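# Descriptive analysis of the structure
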Amino acid sequence: MSDTKHTEMVEPTATSAVSADTTKTLRDEPRGRTGWARILLGRDAIMIYLLIATIVIAMISIPRFASPVTVGFLLLDVIPVLLIAMPMTLIIITGEIDLSVASIAGLTSALMGVLWQAGWDIGVVLALGLVVGVLAGAFNGFLVAVVGLPSLAVTIGTLALFRGLALVVIGDNAVANFPPELTAFFTSKIGATGIPTVMIGVLIIVVAFGVILHFTPFGRGLYALGFSTEAARFVGIHVARSKFWLYVASGGVSALAGIYWTLRYSSARSDNASGLELAVIAAVLLGGVSIFGGKGSIPGVVAGVLLIGTINYALRLGRVSDVVLIIVTGTLLIASVVAPSILDAVKRRRHDRRVRRELPQAQPSGSVSA
């Protein structure tokens, strides 16, 4: 009798354990796409599909869009956004942000104008412009990573600070007598393709950031930073050092964008690149980078930059006013933040519904009597 009782007591316990494990698996492991389905139906792929669809629609509806000239001017327009979007992607993945990028570009441009007007060699002018951008980024990085201040507050402050310094440096003046050969180079095309020559350098920078983010331990650590700073620190990631160098890179690349802007238009002004940070952040978020950190990719961001650039240029060819372009950019920025939250809520609801439907099937028939 005692053996029979023991057996009857053990069997329900084992059954309960199996039931509990099954329930936990159903609740904690939502079914996701795998293999090719994950690649072809992922966020990056969707952005590429949207980009292709937008290009096709623009080619059909706007007669002048499908030409090498359009390709050239479109790419020339998106180069500053594409450059700054690379370090911005890494920064936002860590859960931080940099709003001072356009002001750093403007400060670089103002310094270039003053030094060139004073008779300095153009090589030295370019080098000092890059150094100023790096120092501005290091200042941001020190306040955020070392002092520990919120990046939003810091970069809002330096946005105004660097733009004010640009105005102090050059005033309301504009310097427009840069070497014509440099301007010709920055606007030159590769053969009859319409693709700007400087896109070669831009692609090198894009590939470099892509390799750093996706194929190095440093890049993988940035995702960990975005999910949890404490957890990242616990597994040995140097949080302050990582964030500091990201802001240094952001300052340096923003200076490159300022140099490009100045030499493309052959004009150094304190208000160069004003408002560029809005387009950069909109493109990065539209490209799939989470504003909360821990998620994003370089291919998605490149597609986001090209999508916004294509829409804006198509609207310009359609003689749409600049006010509408600003509204479109702002709308895309809001949509890029709201849409992922809505999609996540829908996925979670579908998963919960599936769990409630499958849980009764996971319960054994003898569990009730036990």
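Rules and cut-offs
Residues numbered from 1 in each chain as written. Predicted model: local features only at pLDDT ≥ 70, side-chain atom pairs only at ≥ 80, totals over all residues. Heavy atoms only, no water. UniProt positions renumbered as here; feature names shortened; annotations may be inferred. Helix = DSSP H or I, 4+ residues; strand = E, 2+ residues; numbered from the N terminus. Buried < 20%, exposed > 50% of the residue type's maximum accessible area, 1.4 Å probe, protein only. Contact = heavy atoms within 4.5 Å. Areas by Shrake-Rupley, 256 points an atom, 1.4 Å probe, with all protein chains shown as cover. Core = buried A, V, L, I, M, F, W, Y, C linked by side-chain atoms within 4.5 Å. Phe/Tyr/Trp six-rings, centres within 6.5 Å; stacked < 30°, edge-to-face > 60°. Lys NZ or Arg CZ within 6 Å of the ring centre and 35° of its normal. Patch = residues over 30% accessible without salt bridge, like charges linked within 9 Å, V, L, I, M, F, W, Y side chains within 5 Å. Salt bridge = Lys/Arg side-chain N within 4 Å of Asp/Glu carboxyl O. Lys, Arg positive; Asp, Glu negative; His and termini not counted. Charge placed at Lys NZ, Arg CZ, Asp CG, Glu CD. Polar contact = N/O pair within 3.5 Å; in protein donor to acceptor, adjacent residues only side chain to side chain. Axes fitted to C-alpha atoms, helices over the stretch in contact; angles between N-to-C directions. Left-handed = near helix turned anticlockwise from the far one by under 90°. Nonpolar A, V, L, I, M, F, W, Y, C, P; charged D, E, K, R; others polar. pLDDT = per-residue confidence, 0-100.

An unreviewed UniProt entry annotates the protein as Autoinducer 2 import system permease protein LsrD originating from Agromyces humatus. Taken directly from UniProt, the Subcellular location (unreviewed entry) text for the protein runs: "Cell membrane".

Turning to the overall build of the protein, a few remarks are in order. Looking only at helices and strands, the protein has 15 helices and zero strands in total. Relative to its 370 residues, the protein shows a buried fraction of 44%. Intrachain contacts of the protein at a sequence separation of at least 6 include 79% that bridge at least 24 residues. For the protein, the accessible surface area stands at approximately 19200 Å², while carbon and sulfur atoms represent 69% of it.

The nonpolar side chains of a soluble globular protein tend to be buried with one another. Within the largest apolar cluster, 87 residues are counted, with the highest numbers of intra-cluster contacts made by Phe65, Ile79, Met86, Val280, Val284 and Val305. When residues in this core are grouped by element, the largest group, 16 residues, is from helix α4 (residues 68-93). Once residues within four sequence positions are removed from consideration, Val280 is found in contact with Val81, Ile84, Ala85 and Met88.

Let's shift gears to the packing of aromatic side chains. A complete count under the given rule lists five aromatic pairs for this structure. On the basis of an interplanar angle of 15° and a centroid distance of 6.2 Å, the ring pair of Trp116 and Phe178 is categorised as stacked. Taken together, the residues Trp116 in helix α5 (residues 101-117) and Phe178 in the loop between α7 (151-170) and α8 (180-186) connect sequence positions 62 residues apart. Of the residues examined, Phe178 reaches a relative accessible area of 5% and is grouped as buried. Where Trp261 meets Tyr265, the ring centres are 5.7 Å apart and the plane angle is 50°; that geometry is what we call tilted. Here Trp261 pairs with Tyr265, and both are found in helix α12 (residues 239-265), just four residues apart, close to one helical turn. The class for Trp261 is partly exposed, based on a relative accessible area of 23%. Directly above the aromatic system of Phe73 lies the positively charged group of Lys189, at a separation of 5.5 Å from the ring centroid.

Take a positive patch on the surface next. Together, Lys295, Lys347, Arg349, Arg350, Arg353, Arg356 and Arg357 give the surface a local cluster of positive charge. Position of Arg353 among the secondary structure elements: in helix α15 (residues 322-362). By relative accessible area, which is 46% here, Arg353 ends up partly exposed.

Turning our attention to the side chain of Ser254. Checked against the element boundaries, Ser254 lands in helix α12. A distance of 2.7 Å separates a polar side-chain atom of Ser254 from the backbone oxygen of Ser250. Setting aside its immediate chain neighbours within four residues, Ser254 contacts Ile84, Val101, Ile104 and Ala105.

Attention now moves to a nonpolar patch on the surface. Taken together, the side chains of Leu40, Leu41, Ile46, Ile48, Tyr49, Leu50, Ile52, Ile55, Val56, Met59 and Ile60 present a nonpolar region at the surface, about 980 Å² in accessible area. Of the residues forming the nonpolar patch, the biggest block, nine residues, is contributed by helix α3 (residues 43-61). Within the secondary structure, Ile52 is located in helix α3.

What follows covers the packing of α4 against helix α14 (residues 298-317). In the contact formed by α4 and α14, the axes pass within 9 Å of each other and the chain directions differ by 145°. Every pair of crossing elements has a handedness; the one defined by α4 and α14 is right-handed. From α4, Thr70, Phe73, Leu74, Leu75, Asp77, Val78, Val81, Leu82, Ala85, Met86, Thr89 and Leu90 reach across to α14, where they touch Ile298, Val301, Val302, Val305, Leu306, Gly309, Thr310, Tyr313, Arg316 and Leu317. Here the residues of the contact of α4 with α14 sort into 16 nonpolar, four polar and two charged.

Turning our eyes to something else, we now look at the confidence of the model for the protein. Model confidence for the protein is summarised by a mean pLDDT of 86, while 86% of its residues fall at 70 or above. For residues 1-30, every residue scores under 50 in pLDDT, and the model assigns this stretch 22 contacts once sequence neighbours within four places are set aside.

Next up on the list: unusual backbone geometry. Although it is not a glycine, Ser266 adopts a positive phi angle of roughly 50°. Residue classification places Ser266 among the buried residues on the basis of a relative accessible area of 15%. One non-glycine residue with positive phi stands out, namely Arg319, at about 60°. Within the secondary structure, Arg319 sits in the loop between α14 and α15. Judged by its relative accessible area of 75%, Arg319 falls in the exposed class.

Moving on: the pattern of salt bridges. Per the stated rule, a full pass over the model turns up six salt bridges. With a closest N to O distance of 4.0 Å, Arg316 and Asp77 form a salt bridge. On the criterion of sequence distance, the pair formed by Arg316 in helix α14 and Asp77 in helix α4 is long-range, its members being 239 residues apart. Its relative accessible area of 43% is what places Arg316 among the partly exposed residues. Taking the relative accessible area as the measure of exposure, Asp77 reaches 29% and is therefore partly exposed. Here the salt bridges share partners, and the residues they tie into one network are Asp77, Arg264 and Arg316.

So, on to the environment of Ala273. Its location among the elements puts Ala273 in the loop between α12 and α13 (276-286). Expressed as a C-alpha distance, the spacing of Ala273 and Ser103, which sit 170 residues apart in the sequence, is 7.4 Å. Those residues within four positions of Ala273 in sequence are excluded, and the remaining contacts are Ala102, Ala105, Arg163 and Trp261.

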